[in-house]
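Observations on the three-dimensional arrangement
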Amino acid sequence: MIDPERAEDSDMESVEDDDERIANRIMDRHGLLAALQNRLNVGSAMENLPAPVQRRIKALKQLQLLSVNLEAKFYEEVHALECKYHKMSSNLYETRSGIVAGLYEPTDEECVWESDEEEEGITNDLKDKVKIEEIKEKKDESENENVKGIPEFWLTIFKNVGMLAEMVQEHDEPILKHLYDIKVIFLETNPMGFILEFHFDSNEYFSNSVLTKEYLMKCVPEKNDPFSFEGPEIYKSTGCTIDWKKGKNVTVKTIKKNQKHKSRGHMRTVTKTVQNDSFFNFFSPPVVPDDRDADMDEDIQALLTSDFETGHYIRERIVPRAVLYYTGEGLEDEGDEYEDDEGDEDEDSEESEDSEEPSGKNETRSGGKPQAIEPTECKQQ
């Protein structure tokens, strides 16, 4: 029997959620109105200036527009330079892939690392300890002679990096153990962009050997608002079809629900298939309206923003510095980029709230800032 108090609490929570959504929409529109009002104020201020001054300001805006177009050209050339040096690095990435997968065994010279020389400076007590450990290691070596490559290399990276660890579920881990390489393919054509390729060994979960995620970027100032240009923007992502083997699709789960017939009172069990939390949902980005000005659900906006941030992070950080994220050294370097603000926290939060002016767009730039987006859905079978 349903507890009336719990039902009432549930109804109250639902009403509160609706009120919160309505309040958020009102605040968003209030922000838009405030931004429009600011523009009107700027326009009226311009009208009050002498005509010769207005004329000169228009000339300055023309110069600013030329500067923005030069900036866009700069970013295009930066992308071309990235493509050039990525090709030069491709042999290094191939060798890394071979070592991880156990297809290539590095030579003794290739395994020398500077930190090995520091062992000469350790104390005698530590040397004794090392010797004991060496004996244990020799014993372990005889048992691990058949270890191939670096087991669970990419899975370990995923679990080390907070952004990716949040996406990986327990049921994803056995699949990600088969992941032996992630490659970045730069798109040199217009529009610019990149493709992430996830290479898998033969496994019992899906028949694909490679899963892909494509990101397209635009690097052209908008005609209606050219001065908002801040560099290349990811505006579209496309996943791929995952050919799941029967009963192995971890992106869905089956739930059973009891239903009671209204008049007869008979009970029946209905089976439904619903989406399940999984890293592999990454290959199926959410669908958004074709019209960028159309209102989007807040949850979809959050998913899209997260999707672009994740793709950019894998390209910029994870793939180029994979071994450092495996060992954890890359995580230490990232911590150095942030400093605690010693100022008045309350003052800072108030100032940031006052300075924010919603633009009315849900955007995420290639550097992790918001940007206009239009992903397509990836099918999963």
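Owing to the predicted nature of the structure, the values given are computational and were not obtained by experimental measurement.

The 4 strands are arranged β1-β2-β3-β4 in an open sheet whose pairing can be described as antiparallel. Only two strands of the sheet have a single partner each, and these edge strands are β1 (179–187) and β4 (233–238). Taking the axes of each pair of neighbouring strands and ignoring which way they run, one obtains an average angle of 20° across the sheet. Strands β1 and β2 (193–200) of the sheet are contacted by helix α4 (residues 153–160), whose axis makes an angle of about 75° with β1. Taken strand by strand, helix α7 (residues 298–318) contacts β1, β2, β3 (210–218) and β4, and its axis lies near 75° from that of β2.

This part is about the nonpolar core. Ranked by size, the top nonpolar core spans 47 residues in total, and within it F158, F198, F279 and F280 carry the most contacts. Only α2 (51–101), α4, α6 (173–176), β1, β2, β3, α7 and α8 (322–327) provide two or more residues apiece to this core. Broken down by element, this core gets its largest block of residues, 5 residues, from α4.

As for its placement among the helices and strands, R315 is situated in helix α7. Here the side chain of R315 touches E82 through a polar contact of 2.9 Å, side chain to side chain. Residue contacts for R315: discarding those within four places in its chain leaves E82, V184, F186, F194, L196, M217 and P320.

Here we take up the pairing of β1. Two elements, β1 and β2, share 8 bridges in a ladder whose sense is antiparallel. Following the sheet pairing, I182 is matched in β2 by F198. Here β1 folds back onto β2, and the loop between the two strands holds 5 residues.

For strand β6 (residues 267–275), the buried fraction is low: 0 of the 9 residues fall into the buried class. As paired elements, strand β5 (residues 252–260) and β6 share 9 bridges and run antiparallel to each other. Directly across from V252, in β6, lies its bridge partner Q275.

This next bit is on the pattern of salt bridges. Within the structure shown, the criterion is met by 7 salt bridges. Among the ionic pairs, D307 bridges to K213, the shortest N-O distance being 2.5 Å. With D307 in helix α7 and K213 in strand β3, this residue pair connects regions lying 94 residues apart in the sequence. Across this residue pair, the class does not change: D307 and K213 are buried. Of the charged contacts, one joins E316 and R315 as a salt bridge, the two residues approaching to 3.0 Å between their closest N and O atoms. Given a relative accessible area of 8%, R315 falls into the buried group. One network of salt bridges, in which partners are shared, links E82, R315 and E316.

Among the surface-exposed residues, L60, L63 and L66 lie close enough to one another that they form a single nonpolar patch of about 320 Å² accessible area. Mapped onto the secondary structure, L63 falls in helix α2. Given a relative accessible area of 53%, L63 falls into the exposed group.

Taking 1.5 Å of rise per residue, 21 residues should cover 30 Å, and α7 covers 28 Å from first to last C-alpha, within 8% of that figure. By the burial criterion, the buried members of α7 are L304, T305, D307, F308, T310, G311, H312, Y313, I314, R315 and I318.

As enumerated under the stated definition, the model contains 19 aromatic pairs in all. Centre to centre, the rings of F158 and F279 are 5.2 Å apart; their planes meet at 65°, and the pair counts as edge-to-face. Of this pair, F158 sits in helix α4 while F279 is found in the loop between β6 and α7, placing the two residues 121 residues apart along the sequence. Owing to a relative accessible area of 0%, F158 belongs among the buried residues under this scheme. The exposure class assigned to F279 is buried, which follows from its relative accessible area of 0%. Aromatic side chains F198 and F282 sit 6.1 Å apart centroid to centroid with 70° between the ring planes, which places their arrangement in the edge-to-face category. Taken together, the residues span a long stretch of sequence, with F198 in strand β2 and F282 in the loop between β6 and α7 at a distance of 84 residues. The exposure classification of F198 matches that of F282, with both residues buried. Connected via pairs of aromatic rings, a cluster forms that spans F158, F198, F200, F206, W244, F279, F280, F282 and F283.

For α2, with 51 residues, the first-to-last C-alpha span of 71 Å sits near the 75 Å given by 1.5 Å per residue. The largest bend along α2 reaches roughly 40° and is located at S89. If you check which residues of α2 are buried, you get V68, A72, H79, C83, H86, R96, S97, G98, V100 and A101. Downstream of α2 by a residue or two, G102 has a phi angle that is positive, lying close to 80°.

Another point: the confidence of the model for the protein. The predicted model of the protein averages 74 in pLDDT, with 64% of residues at 70 or higher. When the criterion is pLDDT under 50, residues 119–123 qualifies, and its contacts beyond four places in sequence or with other chains add up to 2 contacts. Contacts for the low-pLDDT stretch residues 347–379, under 50 throughout, to residues beyond four places or in other chains number 92 contacts.

When glycine is set aside, most residues are seen to have a negative phi, and most peptide bonds are trans. Of note, the phi angle at E152 is positive, near 55°, even though the residue is not glycine. Looking at where E152 falls in the secondary structure, it is placed in the loop between α3 (124–143) and α4.

What counts and what doesn't
- Residues numbered from 1 in each chain as written.
- Predicted model: local features only at pLDDT ≥ 70, side-chain atom pairs only at ≥ 80, totals over all residues.
- Heavy atoms only, no water.
- Pairing = 2+ DSSP bridges.
- Helix = DSSP H or I, 4+ residues; strand = E, 2+ residues; numbered from the N terminus.
- Axes fitted to C-alpha atoms, helices over the stretch in contact; angles between N-to-C directions.
- Contact = heavy atoms within 4.5 Å.
- Core = buried A, V, L, I, M, F, W, Y, C linked by side-chain atoms within 4.5 Å.
- Buried < 20%, exposed > 50% of the residue type's maximum accessible area, 1.4 Å probe, protein only.
- Polar contact = N/O pair within 3.5 Å; in protein donor to acceptor, adjacent residues only side chain to side chain.
- Salt bridge = Lys/Arg side-chain N within 4 Å of Asp/Glu carboxyl O.
- Patch = residues over 30% accessible without salt bridge, like charges linked within 9 Å, V, L, I, M, F, W, Y side chains within 5 Å.
- Areas by Shrake-Rupley, 256 points an atom, 1.4 Å probe, with all protein chains shown as cover.
- Expected span 1.5 Å × (residues − 1).
- Phe/Tyr/Trp six-rings, centres within 6.5 Å; stacked < 30°, edge-to-face > 60°.
- Bend = angle between axes of the 7 residues up to and from the residue.
- pLDDT = per-residue confidence, 0-100.

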